[in-house]
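Listed below are the residues making up each chain.
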Amino acid sequence: MTNENLALQEQKVSDAFTRQSLCFDDIYEHNPITLYMREKARNEVMKYIKPGNSMLELNCCTGIDTMYFARKGFKITATDNAPGMLARLSEKVVEAGMQDNVTIQRCSFNDLSKLDGRQYDYLFSNFAGLNCTGDLGNVLREADHLLRPGGYFSFVIMPKICPWELVMLLKGDFARAFRRVGNKGATAHIEGVHFACFYYNPSFIRRQLGKRYALISLKGLASMVPPPSMDYYPAKYPRLYSFFKKMENRLCSYFPFNRYCDQYIITMRKKHQCALNQ
């Protein structure tokens with residue numbers, strides 16, 4: 001994408017999520033599938049983050065995850081480019097008395113160089129916020145400067161193939177079934193604002209970072225469990241939903257379930273300098 005297109009995309013995304021900030025928590029904290037996915041992402045981070053570690057969170061939104069990790073005792077720099085989201089997070093931080101644990105900074109993930117000069121032990125981005133950029137390669141390169149050697153990142157990203165969307169082929173809806181596949185992005189809309197959403201397979205991330213990073217974990221989210229847009233499913237089909245969850249928890253780390261899914265969580269570790277020279 002050109003710089004002009006990136007700026008326009010960035011503004012649209014910021015406007016959309018600022019508009020949604022007033023109802024964001026109601027949407028995402030009452031959706032059983034979203035709660036399930038959020039728990040999976042948090043559990044993944046808690047496996048690798050260590051006491052005393054610092055965290056940089058990208059696209060923190062209203063800080064649902066920010067506050068969770070802050071209450072666990074971690075020092076977090078929470079970033080987002082939507083003023084409305086950051087305003088809501090600021091309220092939460094003050095209400096909880098977490099000012100010593102949470103630093104809030106408006107920053108687009110397309111401009112992470114603004115944060116250069118400090119490094120973090122852990123980078124985290126949840127619920128596919130990184131799919132809002134058409135230049136994830138540059139985001140990863142900038143993020144690399146912000147992560148200490150030996151540090152980890154866990155990013156939740158949407159891949160190009162989602163089995164639940166492929167089901168639309170049975171209805172003859174080819175556009176929806178394959179909307180993720182192209183490289184030009186698909187149109188998303190939130191609160192009346194339309195913007196592009198781009199999709200990236202795990203191989204893209206590994207290719208961008210090369211041998212400087214080791215893959216620690218790759219797990220699918222909503223490969224068998226339906227995506228969050230089908231929030232009616234758990235109540236309507238409780239036994240089937242329970243079965244899908246059980247099977248997904250068993251198989252989420254294995255191909256094809258860790259690549260063909262609504263979202264995946266990828267955790268990688270930045271190698272120490274001695275490893276880089278080997």
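The residue numbering used here restarts from 1 in each chain and proceeds along that chain's sequence as written. Owing to the predicted nature of the model, reporting of local features is limited to residues with pLDDT of at least 70; listing and counting of side-chain atom pairs is limited to 80 or more, with chain, interface and lining totals taken over all residues. Where side-chain values are given, they derive from all heavy atoms of the structure, hydrogens and water being excluded.

A. The pairing of strand 4 (residues 120–125), seen in detail. Think of it in three bands: residues with accessible area under 20% of the maximum for their type are buried, residues over 50% are exposed, and the middle band is partly exposed, with areas taken using a 1.4 Å probe on protein chains only. Put simply, DSSP marks the helices as runs of H or I at least four residues long and the strands as runs of E at least two long, and each gets a number from the N terminus on. With six of its six residues buried, strand 4 lies for the most part within the structure. Taken together, the four bridges between strand 1 (residues 54–58) and strand 4 define a ladder with parallel strand orientation. Bridging across to strand 4, L56 finds its partner in L123. With five bridges connecting them, strand 4 and strand 5 (residues 147–157) associate as parallel partners. Of the residues in strand 5, the one forming a bridge with Y122 is Y152. Pairing between strands is defined by DSSP: at least two bridges between them are needed.

B. Looking closely at helix 3 (residues 32–48). If you check helix 3, its first and last C-alpha atoms are 25 Å apart, about what 17 residues at 1.5 Å a residue would give, namely 24 Å. All of the buried residues in helix 3 are I33, T34, Y36, M37, R38, A41, R42, E44, V45 and Y48. Working rule for helices: expected span equals 1.5 Å times residues minus one.

C. Spotlight on the pattern of salt bridges. Salt bridges are defined as contacts in which a side-chain nitrogen from Lys or Arg sits within 4 Å of a carboxyl oxygen from Asp or Glu. All chains considered together, the criterion is met by 12 salt bridges. When the shortest N-O distance is used, the salt bridge between K270 and D144 registers 3.3 Å. Of the two residues, K270 sits in strand 9 (residues 263–270) while D144 sits in helix 6 (residues 136–146), which places them 126 residues apart along the sequence. Put simply, E165 and R180 hold a salt bridge, and the shortest N to O gap is 3.3 Å. One end of the pair, E165, is in helix 7 (residues 163–166); the other, R180, is in the loop between helix 8 (174–177) and strand 6 (186–190), and 15 residues separate them in sequence. A network of salt bridges, in which partner residues are shared, links E165, R179, R180 and D262.

D. Main features of the packing of aromatic side chains. Stacked, tilted and edge-to-face are the three classes assigned to paired rings of Phe, Tyr and Trp, where Trp is represented by its six-membered ring and a pair needs centres within 6.5 Å; plane angles under 30 degrees give stacked, over 60 edge-to-face, the rest tilted. What the rule picks out here adds up to 17 aromatic pairs. With 6.2 Å between their ring centres and 80° between their planes, W164 and F244 make a pair best called edge-to-face. With W164 in helix 7 and F244 in helix 11 (residues 238–251), the pair connects residues that are 80 residues apart, well separated along the chain. As far as the burial class goes, W164 and F244 line up, both buried. Only when the NZ of Lys or the CZ of Arg is both within 6 Å of the ring centre and within 35 degrees of the ring normal is a charge said to sit over the ring. Of note, R42 hangs over the ring of Y68, and the distance from its end group to the ring centre comes to 4.2 Å.

E. Examining the sheet that holds strand 4 more closely. Strand order across the open sheet formed by seven strands is 3-2-1-4-5-9-8, with mixed pairing between neighbours. Each of the sheet's edge strands pairs with one partner strand only, and the pair in question is strand 3 (102–106) and strand 8 (213–221). Pairwise comparison of adjacent strand axes, ignoring direction, gives a mean angle of 15° for this sheet. Sheet topology note: the strand 8/strand 9 ladder contains eight bridges and is antiparallel. Considered in strand 9, the bridge of L215 is made with M268. Contacts: residue pairs with any heavy atoms within 4.5 Å of one another. Here the axes come from fitting lines to C-alpha atoms, over the contacting stretch only for helices, and the angles between their N-to-C directions go from 0 to 180 degrees. On the sheet, helix 5 (residues 83–96) packs against strand 2 (75–80) and strand 3 and is oriented at approximately 165° with respect to strand 3. Packing against the sheet, helix 6 makes contact with strand 1, strand 4, strand 5, strand 8 and strand 9, and its axis sits at approximately 145° to strand 5.

These results come straight from atomic positions and should not be treated as a statement about function.
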